[in-house]
Amino acid sequence: ETTLTLPPVPSGAFADAPAEGLAGLETRDVSAWFGSHKVLERVSLGMAAGEVTALIGPSGCGKSTYLRILNRMHEMVRGAALAGEVLLDGDDVYRPGRRPAEVRRRIGMVFQRPNPFPAMSIQDNVASGLKLAGIKVGKEEREHLVESSLRRAGLWDEVATRLHTPGGSLSGGQQQRLCIARSLAVSPDILLMDEPCSALDPTSTRRVEETIAELRGRLTIVIVTHNMQQAQRVSQSCAFFLATHDTPGRIVEAGPTEQLFGSPRDQRTADYVNGRF
Ligand code: ADP
Ligand code: MG
């Protein structure tokens, strides 16, 4: 994990644009189990439209599980159970009859390890997001979406002349931005990012942070990170999760990032953000 202190990421062009027409996300009393093992306890959190919300906390406190609950990937895990509500733009993503695929189209996910299709061309990787979501577009529209998605992911300038080369030929950091472009191609309302920079070097990390800054205000982002500097650089709101050996993960404290880091209300938050556990 990098502890470099980098200057703040410049605000994106749309950073201060009002979040009109954007969807926020909210959970109410979300609890989760794997078999009889309860891993999350009554997690209630609002993730404001157009903002970046950072989820922080020690390993094993349920951050990844929480992200998977948000876009209905949790139910794909054998033995997984869930209670509570997840509201996308006020509408429960677990409403009976709602299709998981539709939820996952609107709430995209980027993982710790970049996972493009390595043998597939860069442009087909981006367009594969459309295919997986069952969205059919013509050739021209498809080319336009590939370019605009790569631009929004901050990768266009690096790949414009090599769109036919395999995704696997890119550097790790470029592959991660390719995965971001693939997610963006289906115009999600929400982008979930689970430690998207943990496998990247500091320069690539910086590129991804710049991409996040550019996306801010255009969609709603929830990012899990163990990098406290990163949480402060990219997020406006922050939630600190904690589990103990006999209590499931819960939110100890949530609020504006500045407050969580500058004047935490809970001693455990202060200890964690200052690297004392
Ligand atoms: P974090 O992302 O904060 O490190 P996780 O959400 O990965 O935490 O894990 C939370 C708890 O759930 C841990 O105790 C972990 O062992 C458990 N867990 C995670 N995934 C599974 C799974 N597929 N089956 C059983 N237990 C799991
Ligand atoms: Mg995790």
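Parameters and conventions
Residues numbered from 1 in each chain as written. Chains lettered and ligands numbered in written order. Predicted model: local features only at pLDDT ≥ 70, side-chain atom pairs only at ≥ 80, totals over all residues. UniProt positions renumbered as here; feature names shortened; annotations may be inferred. Helix = DSSP H or I, 4+ residues; strand = E, 2+ residues; numbered from the N terminus. Core = buried A, V, L, I, M, F, W, Y, C linked by C-beta atoms within 7 Å. Buried ≥ 20, exposed ≤ 12 C-beta atoms within 10 Å, placed from the backbone. Pairing = 2+ DSSP bridges. Right-handed = clockwise from strand over helix to strand, strands pointing away. Axes fitted to C-alpha atoms, helices over the stretch in contact; angles between N-to-C directions. Parallel < 35°, antiparallel > 145°, perpendicular 65-115°, else oblique. Contact = placed C-beta atoms within 7 Å. Nonpolar A, V, L, I, M, F, W, Y, C, P; charged D, E, K, R; others polar. Left-handed = near helix turned anticlockwise from the far one by under 90°.

Participant: Just to check I follow, could you spell out the UniProt feature "domain: ABC transporter" (unreviewed entry) in the chain for this structure?
Facilitator: In the numbering used here, UniProt assigns the "domain: ABC transporter" (unreviewed entry) feature to residues 25–273. Across residues 25–273, the secondary structure splits into 37% helix and 28% strand, with the terminal C-alpha atoms separated by 25 Å.

Participant: Whenever I open this one, the nonpolar core confuses me. Can you help?
Facilitator: It is characteristic of soluble globular proteins that their nonpolar side chains tend to be buried jointly. Counting 68 residues, the largest nonpolar core has Leu70, Ala181, Leu192, Ile221, Val222 and Phe240 as the members making the most contacts within it. Ranked by residues supplied to this core, first place goes to strand β9 (residues 237–244) with six residues.

Participant: Is there a simple way to explain the pairing of strand β8 (residues 220–224) in this structure?
Facilitator: A regular strand places its side chains so that they alternate between the two faces of the sheet. A large share of β8 lies buried, amounting to five of its five residues. Going residue by residue along β8, you find Thr220, Val222 and Val224 tucked away on one face and Ile221 and Ile223 tucked away on the opposite face as well. Here strand β3 (residues 52–56) pairs with β8 via four bridges, running parallel. When the bridges of β8 are listed, Thr53 appears paired with Val222. Examined bridge by bridge, strand β7 (residues 190–194) and β8 share five bridges and lie parallel to one another. By the bridge assignment for β8, Leu191 is matched with Ile221. Note that the unit made of β7, helix α7 (residues 202–215) and β8 has a crossover that is right-handed.

Participant: Teacher, can you tell me more about the packing of helix α3 (residues 122–132) against helix α4 (residues 139–152) here?
Facilitator: When two helices pack together, you describe them by how their axes are tilted relative to each other and by the distance separating the axes. Taken N-terminus to C-terminus, the directions of α3 and α4 make an angle of 105°; their axes are 9 Å apart at the nearest point. By the angle between their directions, the pair α3 and α4 is classed as roughly perpendicular. Contacts from Gln123, Val126, Ala127 and Leu130 of α3 reach α4 at Arg142, Leu145, Val146, Ser149 and Leu150. Residue composition of the contact of α3 with α4, by class: six nonpolar, two polar and one charged.

Participant: I would appreciate a short explanation of the pairing of β9 in the present structure.
Facilitator: Burial analysis of β9 places seven of its eight residues in the buried class, which makes it a mostly covered element. Pairing geometry for β3 and β9, over four bridges, is parallel. The residue bridging Ile56 from the neighbouring strand is Phe240, located in β9. In terms of strand pairing, β9 meets strand β10 (residues 247–256) through seven bridges, oriented antiparallel. Paired with Leu242 across the two strands is Arg250, which belongs to β10. Taken together, β9 and the strand that follows it, β10, pair antiparallel across an intervening segment of two residues.

Participant: Looking at this structure, how should I read the packing of α3 against helix α6 (residues 172–184)?
Facilitator: Viewed as axis vectors pointing N to C, α3 and α6 meet at an angle of 40°, and their least axial separation amounts to 6 Å. Regarding the angle of α3 to α6, the classification is oblique. Once α3 is placed against α6, the crossing between them reads as right-handed. Note on element contacts: α6 touches α3 through Leu178, Ala181, Arg182 and Ser183, opposite Ile122, Asn125, Val126, Ser128 and Gly129. The residue inventory of the contact of α3 with α6, partitioned by class, reads four nonpolar, four polar and one charged.

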